[in-house]
Amino acid sequence: MSDFVCLLSQAGARYRWELLKMATPTPPERSMKTCLLVIDAQESFRHRAYFREDRFAAYLAAQNALIEQCVAAGVPVVRILHQDGPDSADNPFSARSGHVCPIDGLVGFDAAAQFVKSRHSALVGTGLDVWLVQHGIRRLIVSGIRTEQCCETTTRNASDLGWEVDYVTAATLTFDMTTPDGGVLRADDIVQRTETVLRDRFATLCTVDEAVRRARSQP
């Protein structure tokens, strides 16, 4: 057992993924090879000072449309929640706060799986990578909160590990940020920057309809 652990450590994360693939039997029946990740779409954000309603309605409409269309197409939907920081009721990302739950207005769905993370990438320390390999998933549709943080980090991580990624920008949400010199970096600029650095290197940028169409047509 120790030799195997050493091998995993030396091979790195990408080779761990290859080992998982070889060790996991492929289901005989044809199954959907794409899944939707709904990352951190949780009430916690409403209790942060930076939360703004002005972009939320458009995000929610796109997020709900993506979930509903994926469910209709038979694409499994995976819910990711984020939990970290002090275990106290005044920390909105603590389970004790009661806010680590789907954000109000998010359409209900039967999650194919649910994972709770404590890092930016949904693939770190959650077991999501194992679940994806076990279910033969080759492409991820990324959505959720925040655009440049957990959604982007998960996208980069997944791409480096060998998954294809469709990034649905409209179904992600972010907020204005303060720059190191005290200025304001607008959410629209953050979105544009995220699309620029991800496009054709780590992900395919998609609309809601494009992502679902690609999932339906994936061999």
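Residues numbered from 1 in each chain as written. Predicted model: local features only at pLDDT ≥ 70, side-chain atom pairs only at ≥ 80, totals over all residues. Heavy atoms only, no water.

### Looking at the packing of helix α5 (residues 147–161) against helix α6 (residues 187–198)
Part 1 of the argument: Their axes nearest at 11 Å, the elements α5 and α6 cross at an angle of 10°. As judged from the angle between their axes, α5 and α6 are roughly parallel. When α5 is examined against α6, the residues T147, E148, E152, T155 and R156 are found in contact with a partner set consisting of I190, V191, R193, T194, V197 and L198.
Part 2 of the argument: For the contact of α5 with α6, the per-class residue count stands at four nonpolar, three polar and four charged. (Axes fitted to C-alpha atoms, helices over the stretch in contact; angles between N-to-C directions. Helix = DSSP H or I, 4+ residues; strand = E, 2+ residues; numbered from the N terminus. Parallel < 35°, antiparallel > 145°, perpendicular 65-115°, else oblique. Contact = heavy atoms within 4.5 Å. Nonpolar A, V, L, I, M, F, W, Y, C, P; charged D, E, K, R; others polar.)

### Describing helix α7 (residues 208–217)
Part 1 of the argument: For α7, every residue scored as buried is listed here: V208, A211, V212 and A215. One side of α7 holds all its buried residues, which, seen down the axis, span an arc of 95°. Residues R213 and S217 are exposed on α7 and point more than 90 degrees away from its buried face.
Part 2 of the argument: For α7, the secondary structure elements touched by its buried residues are β1 (34–39), α3 (56–73), β4 (139–145) and β5 (164–173). (Buried < 20%, exposed > 50% of the residue type's maximum accessible area, 1.4 Å probe, protein only. Arc of directions from axis to C-beta.)

### Some words on the pairing of β4
Part 1 of the argument: The element β4 is largely enclosed, with a buried count of seven among its seven residues.
Part 2 of the argument: Where β1 and β4 come together, six bridges link them in parallel fashion. Paired with V38 across the two strands is S143, which belongs to β4.
Part 3 of the argument: Where β4 meets β5, six bridges bridge the pair, whose relative direction is parallel. Within β5, the residue paired with I141 across the bridge is D166. (Pairing = 2+ DSSP bridges.)

### Describing the layout of surface pockets
Part 1 of the argument: By volume, the second largest pocket is sized at about 180 Å³.
Part 2 of the argument: As for the second largest pocket, its lining consists of 14 residues, of which F45, H82, F93, Q149 and C150 are closest to the centre.
Part 3 of the argument: Of the residues contributing to the lining of the second largest pocket, the split by class is five nonpolar, four polar and five charged. (1 Å grid on protein atoms, 1.4 Å probe; cavity = no way out; pocket = protein on both sides within 12 Å on 5 of 7 lines; lining within 4 Å. Points joined across faces, edges and corners; volume = space filled by probe spheres on them.)

### Thoughts on the pairing of strand β2 (residues 77–82)
Part 1 of the argument: Within β2, six of the six residues are buried, which leaves the element mostly enclosed by the surrounding structure.
Part 2 of the argument: The alternating pattern of β2 places V77, R79 and L81 and V78, I80 and H82 on opposite faces, both of which are buried.
Part 3 of the argument: Both β1 and β2 contribute to a ladder of four bridges, which runs parallel. Paired with L37 across the bridge in β2 is V78.
Part 4 of the argument: In this sheet, strand β3 (residues 113–117) lies alongside β2 in parallel orientation, the contact comprising five bridges. In the sheet register, L81 faces β3, and the bridge partner there is V116.

### Considerations on the nonpolar core
Part 1 of the argument: Residues L36, L66, C70, I141 and V168 are the most contacted members of the largest nonpolar core, which totals 32 residues.
Part 2 of the argument: Broken down by secondary-structure element, the contributors of at least two residues to this core are β1, α3, β4, β5 and α7.
Part 3 of the argument: Looking at which element gives the most residues to this core, the answer is α3, with eight residues.
Part 4 of the argument: Not counting the four nearest positions on each side in its chain, I141 is found in contact with T34, C35, L36, L37, L66, C70, D166, V168, A211 and A215.
Part 5 of the argument: Within the second largest apolar cluster, 27 residues are counted, among which are W131, V133, A158 and Y167. (Core = buried A, V, L, I, M, F, W, Y, C linked by side-chain atoms within 4.5 Å.)

### What to know about the packing of aromatic side chains
Part 1 of the argument: Following the criterion strictly, the structure yields six aromatic pairs and no others.
Part 2 of the argument: Ring centres of F56 and Y59 lie 6.1 Å apart, and the angle between their planes is 45°; this geometry places the pair in the tilted category. Linking F56 with Y59, this pair stays in helix α3, spanning three residues, or about one helical turn. Each member of the pair, F56 as well as Y59, is classed as buried.
Part 3 of the argument: Among the aromatic residues, those joined into a ring-pair cluster are F45, Y50, F51, F56, Y59, F93 and F175.
Part 4 of the argument: The ring of Y50 is capped by R146, whose NZ or CZ atom sits 4.7 Å from the centre of that ring. (Phe/Tyr/Trp six-rings, centres within 6.5 Å; stacked < 30°, edge-to-face > 60°. Lys NZ or Arg CZ within 6 Å of the ring centre and 35° of its normal.)

### Overview of the side chain of K33
Part 1 of the argument: Secondary-structure assignment places K33 in the loop between α2 (13–23) and β1.
Part 2 of the argument: Setting aside residues up to four positions removed in sequence, K33 forms contacts with G136, I137, R138, R139, Q218 and P219.

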